[in-house]
Amino acid sequence: MAFRSRREKLRSILSGATCVHPGSVYDAISIRIAEDLGFPLGMFGGSVASLAVLGDPDITLITLTELAEQMRRMSRAATLPVLVDADHGYGNALNVRRTVQELEMAGAAGLTIEDTLLPAGFGEAKTQLISLEEGVGKMKAALDGRGDPSLVIMGRTGAASITSTEDAIRRARAYEATGVDALFFTGIKSRAELEAVASATHLPIVLGGAPEELNVLEYLAGQRVRIALQGHAPIAAATQAVYETQKALRDGTAPKNLKGLPSSDLTSRITREADVKARSADVLGLQQ
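What comes next concerns the included structure.

Some thoughts on the packing of helix H4 (residues 64-77) against helix H5 (residues 93-105)
Remark: H4 packs on H5, axes separated minimally by 8 Å, with the N-to-C direction vectors making an angle of 20°. With respect to their mutual orientation, H4 and H5 come out roughly parallel. Remark: the crossing between H4 and H5 carries right-handed chirality. From H4, Leu64, Leu67, Ala68, Met71 and Arg72 reach across to H5, where they touch Arg98, Thr99, Glu102, Leu103 and Met105. Looking at the contact of H4 with H5 residue by residue, the classes come out as 6 nonpolar, 1 polar and 3 charged.

Considerations on the pattern of salt bridges
All told, the structure shown has 17 salt bridges when counted by the stated rule. With a shortest N-O distance of 3.3 Å, Asp181 and Arg11 are connected by a salt bridge. Taken together, the residues span a long stretch of sequence, with Asp181 in the loop between helix H8 (165-178) and strand E6 (182-185) and Arg11 in helix H1 (residues 4-15) at a distance of 170 residues. Judged by its relative accessible area of 26%, Arg11 falls in the partly exposed class. Residue Asp85 pairs with Arg156 through a salt bridge whose shortest N-O separation is 3.5 Å. Taken together, the positions of Asp85 in strand E3 (residues 82-85) and Arg156 in strand E5 (residues 152-157) put the pair 71 residues apart, joining distant regions of the chain. Grouping residues by exposure puts Asp85 and Arg156 together as buried.

A short note on the side chain of Ser280
Counting through the fold element by element, Ser280 comes out in helix H13 (residues 273-283). A relative accessible area of 18% means that Ser280 is categorised as buried. With residues up to four places along the chain from it excluded, the contact list for Ser280 reads Gly285 and Leu286.

Section: the packing of H5 against helix H6 (residues 132-145)
It is the contact of H5 with H6, at a shortest axis distance of 8 Å, that shows an interaxial angle of 35°. In this structure, H5 crosses over H6, and the sense of that crossing is right-handed. Every residue of H6 that contacts H5 at Ala93, Val96, Arg97, Val100, Gln101 and Glu104 is listed here: Gly137, Lys138, Ala141, Ala142, Asp144 and Gly145. Of the residues contributing to the contact of H5 with H6, the split by class is 5 nonpolar, 3 polar and 4 charged.

A short note on the environment of Asp36
Position of Asp36 among the secondary structure elements: in helix H2 (residues 28-36). For the pair Asp36 and Leu80, spaced 44 residues apart in sequence, the C-alpha to C-alpha distance is 9.4 Å. The contacts of Asp36, once residues within four sequence positions are left out, are Arg269 and Arg272. Engagement of the side chain of Asp36 in a polar contact is seen with the side chain of Arg272, the distance being 3.1 Å.

Quick look at the pairing of E3
Along E3, one buried face is formed by Val82 and Val84 and the opposite face, lined by Leu83 and Asp85, is buried too. Pairing of strand E2 (residues 42-44) with E3, which is carried by 3 bridges, proceeds in the parallel orientation. Along E3, the bridge assignment pairs Phe44 with Val84. The β-α-β motif built from E3, the intervening H5 and the parallel element strand E4 (residues 110-114) has right-handed crossover chirality.

The rules we used
- Residues numbered from 1 in each chain as written.
- Predicted model: local features only at pLDDT ≥ 70, side-chain atom pairs only at ≥ 80, totals over all residues.
- Heavy atoms only, no water.
- Axes fitted to C-alpha atoms, helices over the stretch in contact; angles between N-to-C directions.
- Helix = DSSP H or I, 4+ residues; strand = E, 2+ residues; numbered from the N terminus.
- Parallel < 35°, antiparallel > 145°, perpendicular 65-115°, else oblique.
- Left-handed = near helix turned anticlockwise from the far one by under 90°.
- Contact = heavy atoms within 4.5 Å.
- Nonpolar A, V, L, I, M, F, W, Y, C, P; charged D, E, K, R; others polar.
- Salt bridge = Lys/Arg side-chain N within 4 Å of Asp/Glu carboxyl O.
- Buried < 20%, exposed > 50% of the residue type's maximum accessible area, 1.4 Å probe, protein only.
- Polar contact = N/O pair within 3.5 Å; in protein donor to acceptor, adjacent residues only side chain to side chain.
- Pairing = 2+ DSSP bridges.
- Right-handed = clockwise from strand over helix to strand, strands pointing away.

Everything listed here is a matter of geometry and, on its own, says nothing about what the molecule does.
Written as structure tokens, this is what we have:
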């Protein structure tokens, strides 16, 4: 299978003894930059997907089709393994099965399915969780939808910040029993909480946003954390850069006087210009 090597790289990270930071990716350019800089994998978050595709906040407006198409574009642009935040699987357990199939075909190396109630219920201001039983059903459906056994499927829970650490452990152990490949935790706020979930489970751990005391790779590795997210600063930085450039132009700055633009060499590398020229010479007979 064309994408198997990418998935095997992700599996190698999960089975290793170290913890890594992924690059935050969301389109063809960002994934190429992350790959060129040597990130071991990319993380395609639901929030950045919503921003990149819709320009909307992370309130579950993006559809599975839109998410999968964006993943497909990134798969074409680079070979970096990508872990996709598939949110709640875009519906019930049967929808989860379809979500796995679509993202597998789009080239994802792995994906997460979470137990958050999405979209938010009517009249509910606070984040809620689905029942443990429904969460287990979604994990089973995700595994059933997998065609390539090398595709990584992670069970994700945010219970630590919504209900309790004890509930997070209960859910993680239930998801672990379904056969998922790793556990993804969000809302862990201290070393004590992380050590509690690590001691109560067995699978590799992926950690979402965490406080500074947890941002020590050696410590995290000792707690079986294999991937630790660092948020999604790149798309925020890109937004600021576009705003400042547009504003400067609107205020009358000449294009030649703009600050912060990429060099021609960087643009050439990111767009793989040398490869394009070589192909053009070969198949179109164009002189280089």
